[in-house]
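# Commentary on secondary and tertiary structure
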Amino acid sequence: MIDAVRWVRTPENRHEVHVLDQRLLPLRTEFVVCSDHLEMASSIRDMVVRGAPAIGIAAAFGVALGSQSFRADAGIPYSDYMEGVSRILGETRPTAVNLFWALNRMKALWFPESDSVLPAGTELLFQEAQHIKEEDVRLNMAMGDHGQRLLPETCTVLTHCNAGALATGGFGTALGVIRAAVGAGKIIRVFADETRPYLQGARLTAYELMEDGIPTTLITDGMGASLMAKKKIDAVIVGADRVTSNGDVANKIGTYGLAVLSRAHGIPFYVAAPFSTIDFSLSSGDRIPIEERSPDEVTHIGPDIRIAPEGVSVYNPAFDVTPAEYITAIITEKGVFKPSEIRSMAP
Ligand code: MRU
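Just so it is clear, the model here is predicted, and its values are computed rather than measured. (Residues numbered from 1 in each chain as written. Predicted model: local features only at pLDDT ≥ 70, side-chain atom pairs only at ≥ 80, totals over all residues. Heavy atoms only, no water.)

## A short note on the overall build of the chain
Condition: Helix and strand assignments come from DSSP, with helices taken as H or I runs of at least 4 residues and strands as E runs of at least 2, each series counted from the N terminus. Whether two residues are in contact is decided by their heavy atoms: any pair within 4.5 Å suffices. For every accessible area listed, the method is Shrake-Rupley and the probe measures 1.4 Å; residues are considered covered only by the protein chains on display. Under the counting rule used here, the positive set is Lys and Arg, the negative set is Asp and Glu, and His together with the chain ends is not counted. To locate a charge, take atom NZ for lysine, CZ for arginine, CG for aspartate or CD for glutamate.
Along the chain, the regular secondary structure elements total 10 helices and 16 strands. Here the analysis covers contacts within the chain between residues at least 6 apart in sequence; of these, 74% occur between residues at least 24 apart. Summing over all exposed atoms, the chain offers an accessible surface of approximately 14400 Å²; the carbon and sulfur share of this is 55%. Counting 32 positive and 42 negative side-chain charges, the chain places the averaged centre of each group 5 Å from the other.

Encoded structure:
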């Protein structure tokens, strides 16, 4: 299975985290080695690692790396230092709530240690980060099992962005449902939106599904409507970066349009996401902070090839919010819910 974030112990008994550089896929497979929280924060901000659950896992390892870098002789109490580590990691990407969920979960471990840290404390933080990662794979498999039951024996699915192994601890959310359906013997064919402007669909989803031998056709983002009109799509399945308590869903820009199209064509629109993606503190999606990214992502293909005139004005929100009314069901590790049922699942 593709492994986006790997915990490695060096021969000198130091910890490193090797992050698969998703900016280079599918052309090159290289890892960025993170030895401290600053390197991990850069990896998250610069999209070396991306996808809501994977961002959370990377941030959890970032906390552990930060603890490893603590110097007692620097004159700052451990708890203050770790607050700073957590803040730096929390300032990387604003939309995926899994990031803040993971930082809070890690904080529960380091907070009680206050002014000093034992080597066992740092070790414990790495173990917890690894635990979050392994747990995520189990949750994805449970989600896959629940979700695949919604699909007919033979089915063509449209997906947007990448909600696969690369975006999670492994297996994937939306792609996990597809993998589980294939595992259950169903005949699944996938249309993958290329996902402008960052091309997660073309570069990552097509790559992942082809590695698994799942029949995949790459399309550009504007083609979904015509395929739906021709009755070539049976279901749409996407992941999520944040679900609010009323069932609204933030996901990759373009998701909302697909949901409206699905409604217009009578096609079910499913969102697959673990409970760590649900933000029960927000009443609706208009409160979700939406990340705006560099204009270069729109004016260029990759870092170097300019496709728009110099000086053109650009708007580049990375996510949109799909109102709950357009969502058929939200697939979680605890089962399948109508968006209106999410609120009642609050812990
Ligand atoms: O900007 P990205 O690549 O981090 O955006 C990823 C998405 O929008 C995914 O669909 C979402 O995080 C779910 S990943 C299981």
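What follows continues from the structure just given.
## Here's the deal with a nonpolar patch on the surface
The test is simple: For patch building, the residue pool is restricted to those with more than 30% relative accessible area and no salt bridge; the joining distance is 9 Å between like charges and 5 Å between nonpolar side chains (Val, Leu, Ile, Met, Phe, Trp, Tyr). Salt bridge criterion: a side-chain nitrogen from Lys or Arg within 4 Å of a carboxyl oxygen from Asp or Glu.
On the surface, I301, I305 and I307 cluster together into a nonpolar patch covering about 270 Å² of accessible area. Mapped onto the elements of the fold, I307 is located in the loop between β13 (305-306) and β14 (319-322).

## Concerning the pattern of salt bridges
Any two side chains of opposite charge can pair if their charged atoms end up close together. A complete count under the given rule lists 16 salt bridges for this structure. Salt-bridge contacts for E123 lead to R9; the nearest nitrogen and oxygen are separated by 2.9 Å. Of the two residues, E123 sits in helix α5 (residues 119-148) while R9 sits in strand β1 (residues 5-9), which places them 114 residues apart along the sequence. When salt bridges that share partners are traced, they join R93, E291, R293 and E297 into one network.

## Considerations on the sheet that holds strand β4 (residues 154-159)
Rules: Strands pair, by our definition, only if DSSP identifies at least two bridges between them. Working convention: axes come from line fits to C-alpha atoms, limited for helices to the stretch in contact. Angles between N-to-C directions cover 0 to 180 degrees.
Ordered in space as β6-β5-β4-β7-β10-β15-β16, the 7 strands form an open sheet in which the pairing is mixed. Looking at strand neighbours, the two that pair on one side only are β6 (216-219) and β16 (335-337), the edges of this open sheet. Mean inter-strand twist for the sheet, computed between neighbouring axes without regard to direction, equals 25°. Relative to β6, strand β5 (residues 187-193) runs parallel, the two sharing 4 bridges. Bridge pairing links D193 to I219 in β6.

## Description of the domain arrangement of the chain
We count it as follows: As annotated, the domain borders come from an automatic or database domain assignment. What gets called buried area is simply the loss in accessible area from a 1.4 Å probe that two parts show on being joined, summed for both.
Taken domain by domain, the chain consists of domain 1 (5-140) and domain 2 (150-345). Look at where the C-alpha atoms of domain 1 and domain 2 centre, and you get two points 26 Å apart. Here domain 1 packs against domain 2, burying approximately 2400 Å² in sum over the two surfaces, 55% of which is carbon and sulfur. Contact with domain 2 buries area across many residues of domain 1, yet R50, T95 and N140 alone supply 26% of it, more than any other trio. Between domain 1 and domain 2 we count 1 salt bridge in total. Between R93 and E291 there is a salt bridge, and its shortest N-O distance comes to 2.9 Å. Elements supplying a minimum of two residues to the side of domain 1 that touches domain 2: α2 (52-68), α4 (98-110) and α5. Ranked by residue count, the leading element in the side of domain 1 that touches domain 2 is α5, at 5 residues.

## Observations concerning the sheet that holds strand β11 (residues 278-279)
Ordered in space as β11-β8-β9-β14, the 4 strands form an open sheet in which the pairing is mixed. One side of each edge strand has no neighbouring strand; the edge strands of this open sheet are β11 and β14. Note that strand β8 (residues 242-244) and β11 share 2 bridges and pair parallel. Within β11, the residue paired with T244 across the bridge is D279.

## Overview of the site of the ligand
Rules: A cutoff of 4 Å decides nearness: a residue is near a molecule or strand if any of its heavy atoms lies inside that distance of it. As used in this structure description, the phrase polar contact means that two N or O atoms lie within 3.5 Å; if the pair is within protein, one of them must be able to donate a hydrogen and the other to accept it, and residues adjacent in sequence are counted only when both atoms belong to side chains.
Every one of the 19 residues lining the ligand counts as a neighbour, but R50, A52, R93, N251 and K252 are closest to it. In the environment of the ligand, an oxygen atom lies 2.9 Å from a nitrogen or oxygen atom belonging to the backbone of G51. D241 is positioned with one of its side-chain polar atoms (N or O) 2.9 Å from an oxygen atom of the ligand. The protein chains hide 100% of the 420 Å² of surface that the ligand would expose on its own.

## Things to note about helix α6 (residues 174-183)
Because an α-helix completes one turn every 3.6 residues, residues spaced three or four positions apart along the sequence face the same direction. Using the following cut-off: For every residue, the accessible area (1.4 Å probe, protein chains only) is compared with the maximum for its type, and the residue is labelled buried under 20%, exposed over 50%, or partly exposed between those bounds.
Most of α6 is tucked away, with 8 of its 10 residues classed as buried. Along α6, the positions that sit buried rather than exposed are A174, L175, G176, V177, I178, R179, A180 and A181. G185 lies just past α6 and shows a positive phi near 90°.

## Remarks on the environment of G147
Looking at where G147 falls in the secondary structure, it is placed in helix α5. Setting aside residues up to four positions removed in sequence, G147 forms contacts with V177 and I331.

## Topic: the layout of surface pockets
Counted only if it meets this: Buriedness of a pocket was judged along seven lines, with at least five required to meet protein on both sides within 12 Å; pockets are open sets of points on a 1 Å grid over the protein atoms alone, cavities are sets where a 1.4 Å probe fits but cannot get out, and lining residues have an atom within 4 Å of a point. Grid points are joined across faces, edges and corners, and a volume is the space filled by probe spheres set on the points. Only Asp, Glu, Lys and Arg are considered charged, only Ala, Val, Leu, Ile, Met, Phe, Trp, Tyr, Cys and Pro nonpolar, and every remaining residue, Gly among them, polar.
Of the volumes computed, that of the largest pocket is approximately 630 Å³. Taken together, 19 residues line the largest pocket, and the ones lying closest to its centre are R23, Y198, I301, G302 and P303. Those elements that provide at least two residues to the lining of the largest pocket are α10 (296-299) and β12 (300-301). Its residues placed into classes, the lining of the largest pocket shows 9 nonpolar, 3 polar and 7 charged. The two domains that each donate at least three residues to the lining of the largest pocket are domain 1 (5-140) and domain 2 (150-345).

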